[in-house]
Amino acid sequence: IAGITQAPTSQILAAGRRMTLRCTQDMRHNAMYWYRQDLGLGLRLIHYSNTAGTTGKGEVPDGYSVSRANTDDFPLTLASAVPSQTSVYFCASQSYSNTGELFFGEGSRLTVL
Amino acid sequence: AQSVTQPDIHITVSEGASLELRCNYSYGATPYLFWYVQSPGQGLQLLLKYFSGDTLVQGIKGFEAEFKRSQSSFNLRKPSVHWSDAAEYFCAVGAPDSWGKLQFGSGTQVVVTP
C-alpha cells in the first residue's frame with residue numbers, strides 16, 4: 001500500500017512560473033490537506049478538502065489554489081511562484097473514523113529563485 | 001484562535017536517559033491534541049493523540065503524553081530513549097469539529113548521543 005504519493009520530490013523553479021504539486025492517495029480517505037513546512041514555524045495549513053468536489057482555505061492560502069475532482073487526487077497549484085513560497089510541502093489525508101489520524105506524504109521540496 | 005507553543009527548539013539526550021518534550025496550547029475549549037514525529041526527509045507520523053477521557057495517553061514507540069487542563073499542557077515523555085528516537089517532534093492542536101485542520105507547534109529537534 002503506497003499511502004500518499006507526492007510529486008515531484010524536489011523542484012527548483014524560476015519566480016513567475018506556474019507549478020503544480022501532485023498528491024495522490026490510495027486509501028479512499030475523505031479529507032485531504034496541504035501544509036507547508038518552514039524552519040521555526042512548524043507546519044501551516046494552506047488548503048483543505050473535506051470531500052471530493054469541495055475545498056476550503058487554511059491559514060496561508062494566498063498564492064495557492066487546489067482542486068478535488070475525485071477522491072484520490074488533490075493537486076496544489078502555484079499560479080505565479082514567488083521566492084517566499086520556497087518551502088517543503090506536505091500533502092495529508094484523513095479518514096472520518098475514530099482515529100482522526102492524518103497520513104502524510106513524504107513531502108515536495110520547492111525552491112523558487 | 002488556537003495556538004501551540006513548544007518552548008524547546010533543540011534537546012540533546014543520552015541514549016537510555018528519559019526524555020520530556022514540552023507543549024503548551026491555547027484554545028477556548030478542550031481541544032484535540034496530537035504529537036507527531038518526523039524523521040529526516042520523511043513525512044510526519046502520528047505518535048499519539050488525546051480526544052477525551054484518561055488524561056494519560058499511550059502511543060507508539062514507547063511514548064506517552066499527559067493532558068493537564070489546568071496548565072494547558074500536553075507534554076510528551078519516554079522513559080528510556082533509543083538512538084532511533086532522534087527526530088523532530090511536533091505538537092498539534094485541532095478543534096473537535098475539524099481536527100484535520102491542525103495548528104502545529106514549531107517543533108523540537110531531539111538529538112540522541114551514545
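Below is a short write-up of the structure. (Residues numbered from 1 in each chain as written. Chains lettered and ligands numbered in written order. Predicted model: local features only at pLDDT ≥ 70, side-chain atom pairs only at ≥ 80, totals over all residues. Heavy atoms only, no water.)

1. Here we look at the overall build of chain A
Stage number 1. Within chain A, the secondary structure is distributed over 0 helices and 11 strands.
Stage number 2. Ordered by position in the sequence, the α and β elements of chain A form the string β-β-β-β-β-β-β-β-β-β-β.
Stage number 3. Dimensions of chain A, computed from C-alpha atoms along their principal axes, come out at roughly 40 × 30 × 25 Å.
Stage number 4. Contacts spanning at least 24 positions in sequence make up 53% of the contacts within chain A whose residues lie at least 6 apart.
Stage number 5. Accessible surface, chain A as shown: approximately 5300 Å² in total, 51% of it carbon and sulfur. (Helix = DSSP H or I, 4+ residues; strand = E, 2+ residues; numbered from the N terminus. Contact = heavy atoms within 4.5 Å. Areas by Shrake-Rupley, 256 points an atom, 1.4 Å probe, with all protein chains shown as cover.)

2. Points about the interface of chain A and chain B
Stage number 1. Taken together, the 21 residues of chain A in the interface contact 19 residues of chain B.
Stage number 2. With both chains or domains summed, chain A and chain B bury close to 1600 Å², and 54% of this area falls on carbon and sulfur atoms.
Stage number 3. Considering only the surface of chain A that becomes buried against chain B, Leu43(A), Phe104(A) and Glu106(A) emerge as the three largest contributors, covering 26% of it.
Stage number 4. Connecting chain A to chain B are 0 salt bridges. (Buried area = accessible area lost by both parts, 1.4 Å probe. Salt bridge = Lys/Arg side-chain N within 4 Å of Asp/Glu carboxyl O.)

3. Comments concerning the packing of aromatic side chains
What describes a pair of aromatic rings is the distance from one ring centre to the other and the angle between the planes of the rings.
Stage number 1. With the rule as written, the count across this model stands at 15 aromatic pairs over all chains.
Stage number 2. With centroids separated by 4.1 Å and ring planes inclined at 25°, the aromatic side chains of Tyr32(B) and Phe51(B) adopt a geometry described as stacked. Taken together, the residues span a long stretch of sequence, with Tyr32(B) in strand β5 (residues 32–38) and Phe51(B) in the loop between β6 (44–50) and β7 (56–58) at a distance of 19 residues.
Stage number 3. For Tyr32(B), a relative accessible area of 15% gives the class buried.
Stage number 4. In textbook terms, an aromatic cluster arises when at least three aromatic residues are bridged by ring pairs, as seen for Tyr35(A), Phe90(A), Phe104(A), Tyr32(B), Phe34(B), Tyr36(B), Phe51(B), Phe90(B) and Phe104(B). (Phe/Tyr/Trp six-rings, centres within 6.5 Å; stacked < 30°, edge-to-face > 60°. Buried < 20%, exposed > 50% of the residue type's maximum accessible area, 1.4 Å probe, protein only.)

4. A word on the pattern of salt bridges
Residues and elements named next belong to chain A.
Stage number 1. Counted under the stated rule, the structure contains 7 salt bridges over all chains.
Stage number 2. Asp38 serves as the salt-bridge partner of Arg36, at 2.8 Å between the closest nitrogen and oxygen.
Stage number 3. Classification of Asp38 as buried rests on a relative accessible area of 14%.
Stage number 4. Close ionic contact of Arg44 with Asp38 constitutes a salt bridge, the shortest N to O distance being 2.9 Å. When sorted by exposure, Arg44 lands in the same class as Asp38, which is buried.

5. Let's talk about the state of the cysteines
Stage number 1. If you walk through the whole model with that rule in mind, you get 2 disulfides over all chains.
Stage number 2. Note on cysteine connectivity: Cys23(A) is disulfide-linked to Cys91(A), with sulfurs 1.9 Å apart. With the S-S dihedral at roughly -70°, the linkage between Cys23(A) and Cys91(A) falls on the left-handed side. With a gap of 68 residues between them, Cys23(A) in strand β3 (residues 19–25) and Cys91(A) in strand β9 (residues 87–94) connect regions that are remote in the sequence. Each member of the pair Cys23(A) and Cys91(A) is classed as buried.
Stage number 3. The disulfide partner of Cys23(B) is Cys91(B), and the gap between their sulfur atoms is 2.0 Å. Here the S-S torsion is close to -65°, and the disulfide linking Cys23(B) with Cys91(B) is therefore left-handed. Of this pair, Cys23(B) sits in the loop between β3 (19–21) and β4 (24–26) while Cys91(B) sits in strand β10 (residues 87–94), and the two are 68 residues apart along the sequence. (Disulfide = S-S within 2.5 Å.)

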